[in-house]
There are 2 protein chains.
Amino acid sequence: MDEIQMDLLEKVAGLHELPTGAYNIRANGEKAGRNVTDNIDIVSKEDKPGIDIIIKPGTKNENVHIPVVVSESGLQDMVYNDFLIGEGADVTIIAGCGIHNGGDEESRHDGIHTFYVGKGAKVKYVEKHYGEGDGSGARVMNPTTIVKMEEDSHMEMETTQIKGVDSTDRITEAVLKEGATLVINEKLMTHGKQYAKTSFQVDLDGDGSSTNVVSRSVAKDDSSQLFLAKINGNARCSGHSECDAIIMGNARISAIPEITANNLDASLIHEAAIGKIAGDQIIKLMTLGLTEEEAEAQIISGFLK
Amino acid sequence: MDEIQMDLLEKVAGLHELPTGAYNIRANGEKAGRNVTDNIDIVSKEDKPGIDIIIKPGTKNENVHIPVVVSESGLQDMVYNDFLIGEGADVTIIAGCGIHNGGDEESRHDGIHTFYVGKGAKVKYVEKHYGEGDGSGARVMNPTTIVKMEEDSHMEMETTQIKGVDSTDRITEAVLKEGATLVINEKLMTHGKQYAKTSFQVDLDGDGSSTNVVSRSVAKDDSSQLFLAKINGNARCSGHSECDAIIMGNARISAIPEITANNLDASLIHEAAIGKIAGDQIIKLMTLGLTEEEAEAQIISGFLK
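Described below are features of the structure shown in this document.

What counts, and where the lines are drawn
Residues numbered from 1 in each chain as written. Chains lettered and ligands numbered in written order. Predicted model: local features only at pLDDT ≥ 70, side-chain atom pairs only at ≥ 80, totals over all residues. Heavy atoms only, no water. Patch = residues over 30% accessible without salt bridge, like charges linked within 9 Å, V, L, I, M, F, W, Y side chains within 5 Å. Areas by Shrake-Rupley, 256 points an atom, 1.4 Å probe, with all protein chains shown as cover. Salt bridge = Lys/Arg side-chain N within 4 Å of Asp/Glu carboxyl O. Lys, Arg positive; Asp, Glu negative; His and termini not counted. Charge placed at Lys NZ, Arg CZ, Asp CG, Glu CD. Helix = DSSP H or I, 4+ residues; strand = E, 2+ residues; numbered from the N terminus. Core = buried A, V, L, I, M, F, W, Y, C linked by side-chain atoms within 4.5 Å. Buried < 20%, exposed > 50% of the residue type's maximum accessible area, 1.4 Å probe, protein only. Contact = heavy atoms within 4.5 Å. Least-squares fit on C-alpha atoms with pLDDT ≥ 70 in both. Arc of directions from axis to C-beta. Polar contact = N/O pair within 3.5 Å; in protein donor to acceptor, adjacent residues only side chain to side chain. Buried area = accessible area lost by both parts, 1.4 Å probe. Nonpolar A, V, L, I, M, F, W, Y, C, P; charged D, E, K, R; others polar. Pairing = 2+ DSSP bridges. Phe/Tyr/Trp six-rings, centres within 6.5 Å; stacked < 30°, edge-to-face > 60°. Lys NZ or Arg CZ within 6 Å of the ring centre and 35° of its normal. 1 Å grid on protein atoms, 1.4 Å probe; cavity = no way out; pocket = protein on both sides within 12 Å on 5 of 7 lines; lining within 4 Å. Points joined across faces, edges and corners; volume = space filled by probe spheres on them. Axes fitted to C-alpha atoms, helices over the stretch in contact; angles between N-to-C directions. Left-handed = near helix turned anticlockwise from the far one by under 90°.

**Describing a negative patch on the surface**
On the surface, D152, E178, D205 and D207 of chain A cluster together to form a negatively charged patch. Of note, E178 of chain A is situated in the loop between β12 (167-176) and β13 (181-190).

See below:
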């Protein structure tokens, strides 16, 4: 791995060196490193690009890092990763993708991640997307995340698009059985002429299942964002979705949530708000000595924290 | 007008006798009565069924009643009514439609109402829909309401579907200029195998324009409801929409609101909640001596008030 790739790795996975525990590093479409542990196996797929991450039942307190970096301009990378998380496991999975595009061609990474979360298992999934490079070629990432949750399993997703991603079409689909819980926290920032679409569908199929989908986003300059969230209550369940968005400059933001109760005992709530930063918030910070730009930056960073 | 028609008239317009002021009563597709005043003229359209209601600028504190009753089974009635509301007028318009269907064929009334609300005018629009009759024929009403609001005009819509409407597809579209305000309060109840779809689109085109769209609905038995609300903020404006729904029995309810900010100074909020009546509310009323059914009826009536 070269210096640009190491730098991307730090941005998307917080890695300054090789991580401890299980990991698989993909650089420019090739395997750049892998480690497995007694409890976590990683196997390359034979029929298509991608890996199977197999976590033994009962595995506790282990991490899996699976970062992807793309530094070759014009590379079109596509992977299928399956996560088989055994019953009662408790693990953290850190994914992330960084693209450095110094050329004129579009660089693109698309990933289809499918999680099979076993009975009573607990997963924390962290994903960061980041783009950079002064070439005119676009940096594109289209992640699809499919989540299948067994009884009493728990999953928490933290997904962040830091900056520099020119176009993204994010799809997240989940099906929850009895007692399963899914918590999603998404943070998105777009600037320049970027476009981001994010679309959630959660099917609450089991009694006692619940979900909380929270999206916070900032659209600057001429960028545009579309937020779609669909929660289907098909059992005794509770669902909440929330979209808070800050609009700046000439940006455009649409929020289209959808809640459907197909069961008497489904309790579903949605909230959405779009607005600019309140003027008095900026003035307050400016009286403390910040410039207007610094004040805005501080407010946005607090909002997306 | 016969007894059934008079009874429908009372249900949808609260009229026991002919109203004072301007009115136009339509019964089974024909004009059954009309009155005009110095300030309010009502003229039958020549090219299609329907009327023009012409309200002079500056008209104050006058009412217009335009109820429709259908008691002939199998009647398919369609009207186009235009409301030309002069600058600075302040009027109340009471519409409503009652269908009594004692036969086996579908009875249907569709109305396309277009409001041209002049500069600074103030309109209150009240509309009630009601169906009855023990025939197996369906009672269908599809109202379309188009609202064009000039500078600083104000409109308040109160629409209620009381009961007995088997199928409805309600469309409301509004465009607001500078300083215009639109307040919508919708109340819907469906039962049996009824279906109700209600769809709002409000374009906030003018600086200082605002809207508040509030829908409260109850779906009982095997009925289903679909709520769509779209608010586009195209200027310095504020928009709020809210859908509160109570689900009972095997009913289904979907809420799909949409807010889009196309302008930095658009401030948009949406809220939606679907759930059943809280058990402790029912128990509280039952301890006061009500049966479970009476308790439910009381809670629903309070919710839809």
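**Looking at the nonpolar core**
Within the largest apolar cluster, 98 residues are counted, with the highest numbers of intra-cluster contacts made by I85, I93 and M155 of chain A together with I85, I93 and M155 of chain B. Residues contacting I93 of chain B, with those up to four places away along its chain left out, are I55, V64, I66, F83, I85, F115, V123, K124, Y125 and V126 of chain B.

**Observations concerning the relation of the copies chain B and chain A**
Taken as rigid bodies, chain B and chain A are interconverted by a rotation of 180° and an axial shift of 0.0 Å, the fit giving an RMSD of 0.0 Å. Given the turn and translation reported, the copies of this chain are related as if by a two-fold rotation axis. Proximity to the rotation axis, assessed at the C-alpha, singles out E271 of chain B in chain B; its C-alpha lies 2.2 Å from the axis. Taken together, the interface assignments show that 100% of the residues at the interface of chain B recur at the interface of chain A, consistent with an identical surface on both copies.

**Re a nonpolar patch on the surface**
A cluster of nonpolar side chains, contributed by V43, I54, L84 and Y116 of chain A, occupies part of the molecular surface with about 300 Å² of accessible area. With respect to the helices and strands, the residue L84 of chain A is situated in strand β6 (residues 76-85).

**Considering helix α1 (residues 3-13) of chain B**
Residues and elements named next belong to chain B. Those residues of α1 that sit buried are Q5, L8, L9, V12 and A13. Buried residues of α1 fall within an arc of 105° about the axis and therefore sit on the same side. Here the buried face of α1 lies against β1 (22-27), β5 (60-70), β7 (90-100) and β9 (122-132). With a side-chain oxygen positioned 3.3 Å from the backbone nitrogen of I4, the residue opening α1 is D2. Count one or two residues on from α1 and you reach G14, which has phi positive near 65°.

**A few points about the interface of chain B and chain A**
The interface is formed by 29 residues belonging to chain B together with 29 residues belonging to chain A. Ranking the residues of chain B by area buried against chain A places I259, L264 and I274 of chain B at the top, with a combined share of 23%. D265 of chain A is paired through a salt bridge with K276 of chain B; the nearest N and O atoms lie 2.5 Å apart. Counting the contacts that link chain B with chain A gives 12 residue pairs in polar contact (both at pLDDT 80 or more). Breaking the side of chain B that touches chain A down by element, the ones donating at least two residues are β18 (252-261) and β19 (266-275) of chain B. Of the residues that constitute the side of chain B that touches chain A, the class distribution is 16 nonpolar, eight polar and five charged. Bridge count for strand β19 (residues 266-275) of chain A against β19 of chain B is seven bridges, and the pairing is antiparallel. Among the inter-strand pairings, L268 of chain A is bridged to a residue of β19 of chain B, identified as I274 of chain B.

**Re unusual backbone geometry**
A positive phi angle, close to 55°, is found at D152 of chain A, a residue other than glycine. Relative to the helices and strands, D152 of chain A resides in the loop between β10 (139-149) and β11 (154-163). Taking the relative accessible area as the measure of exposure, D152 of chain A reaches 53% and is therefore exposed. Phi is positive for N61 of chain B, close to 55°, though the residue is something other than glycine. Locating N61 of chain B in the fold gives a position in strand β5. What makes N61 of chain B exposed here is its relative accessible area of 70%.

**Some remarks on the packing of aromatic side chains**
All names here are of chain A. In total, this model carries eight aromatic pairs over all chains according to the counting rule given. On the basis of an interplanar angle of 5° and a centroid distance of 4.2 Å, the ring pair of F83 and F115 is categorised as stacked. Of this pair, F83 sits in strand β6 while F115 is found in strand β8 (residues 107-117), placing the two residues 32 residues apart along the sequence. Relative to Y125, the ring of F115 lies with its centre 4.8 Å away and its plane at 70°, an arrangement referred to as edge-to-face. One end of the pair, F115, is in strand β8; the other, Y125, is in strand β9 (residues 122-132), and 10 residues separate them in sequence. Each of the two residues, F115 as well as Y125, counts as buried. Linked through ring pairs, F83, F115 and Y125 together constitute an aromatic cluster. A cation sits over an aromatic face here: K48 above Y80, 4.5 Å from the ring centre.

**Points about empty space enclosed by the protein**
Counting across every chain of the model gives four cavities of 30 Å³ or more. Estimates place the volume of the largest cavity at around 140 Å³. Going through the elements one at a time, β5 (60-70), β6, β7 (90-100), β8, β9 and β10 of chain A are the ones with two or more residues in the lining of the largest cavity. Here the residues of the lining of the largest cavity are counted per class, giving eight nonpolar, eight polar and one charged. Here the second largest cavity defines a volume of roughly 120 Å³. Around the second largest cavity sit 15 residues that line it, and C97, H109, H113, E127 and H129 of chain B are the ones nearest its centre. Among the secondary structure elements, those contributing two or more residues to the lining of the second largest cavity are β5, β6 (76-85), β7, β8 (107-117), β9 and β10 (139-149) of chain B.

**A look at the pairing of β6 of chain B**
All names here are of chain B. The sheet contact formed by strand β4 (residues 51-55) and β6 spans four bridges and is parallel. Opposite I54, over in β6, you have L84 as the bridge partner. Here β6 runs beside β8; their pairing, made up of 10 bridges, is parallel. Note on β8: the bridge partner recorded for N81 is H113.

**Description of the side chain of S254 of chain B**
As for its placement among the helices and strands, S254 of chain B is situated in strand β18. For S254 of chain B, the residues in contact, after removing those within four places along its chain, are I259 and T260 of chain A together with Q225, L226 and F227 of chain B.

**Topic: the packing of helix α2 (residues 279-287) of chain B against helix α3 (residues 292-304) of chain B**
Residues and elements named next belong to chain B. It is the contact of α2 with α3, at a shortest axis distance of 9 Å, that shows an interaxial angle of 115°. The element α2 and its partner α3 pack so that their crossing is right-handed. Contacts between α2 and α3 involve Q281, I282, L285 and M286 on the former and, on the latter, E292, A295, E296, Q298 and I299. Residues belonging to the contact of α2 with α3 are distributed by class as follows: five nonpolar, two polar and two charged.

**What about the environment of E296 of chain B?**
All names here are of chain B. Note that E296 resides in helix α3. Classification of E296 by relative accessible area gives partly exposed; the value is 24%. A C-alpha to C-alpha distance of 9.9 Å links E296 and G279, two positions 17 residues apart in sequence. The residues contacting E296, other than those within four sequence positions of it, are M248, I277 and I282.

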